[in-house]
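Residue-level structure breakdown
The chain contents come next:
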Amino acid sequence: MAHLSACPKCGRTLKKSTFGGSHFPVYTCGKCSQKYCKECGDNACPKCGSTSRGQFDEVYAR
């Protein structure tokens with residue numbers, strides 16, 4: 001698992017906040033290996049549409 005500063009697909013980041021999470025997951029598509037977050041892919045890969053995914057990376061607040 002890698003710690004990222006932003007989603008590789010859409011560039012989404014997470015700002016430090018007193019109310020909120022400290023990180024969000026970045027999924028890797030099991031079919032085409034595209035990395036994406038829930039914001040840019042929701043429940044399916046934005047590149048190929050596959051619903052096969054694993055959570056391998058996280059974006060942390062900075």
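Refer to the preceding data block for the structure.
Here's a quick rundown of the structure.

Observations concerning the pairing of strand β4 (residues 53-60)
Where strand β1 (residues 2-4) meets β4, 3 bridges bridge the pair, whose relative direction is parallel. By the bridge assignment for β4, His-3 is matched with Glu-58. Where strand β2 (residues 23-29) and β4 come together, 7 bridges link them in antiparallel fashion. In the strand pairing of β4, Pro-25 is matched with Glu-58.

Focus on unusual backbone geometry
Backbone geometry places Ser-33, a non-glycine residue, at a positive phi of 70°. Within the secondary structure layout, Ser-33 lies in the loop between β2 and β3 (35-36). Look at Asp-42: it is not a glycine, yet its phi comes out positive at around 50°. Mapped onto the elements of the fold, Asp-42 is located in the loop between α1 (38-41) and β4. With a relative accessible area of 40%, Asp-42 lands in the partly exposed category.

Cut-offs and rules
- Residues numbered from 1 in each chain as written.
- Predicted model: local features only at pLDDT ≥ 70, side-chain atom pairs only at ≥ 80, totals over all residues.
- Heavy atoms only, no water.
- Pairing = 2+ DSSP bridges.
- Helix = DSSP H or I, 4+ residues; strand = E, 2+ residues; numbered from the N terminus.
- Buried < 20%, exposed > 50% of the residue type's maximum accessible area, 1.4 Å probe, protein only.

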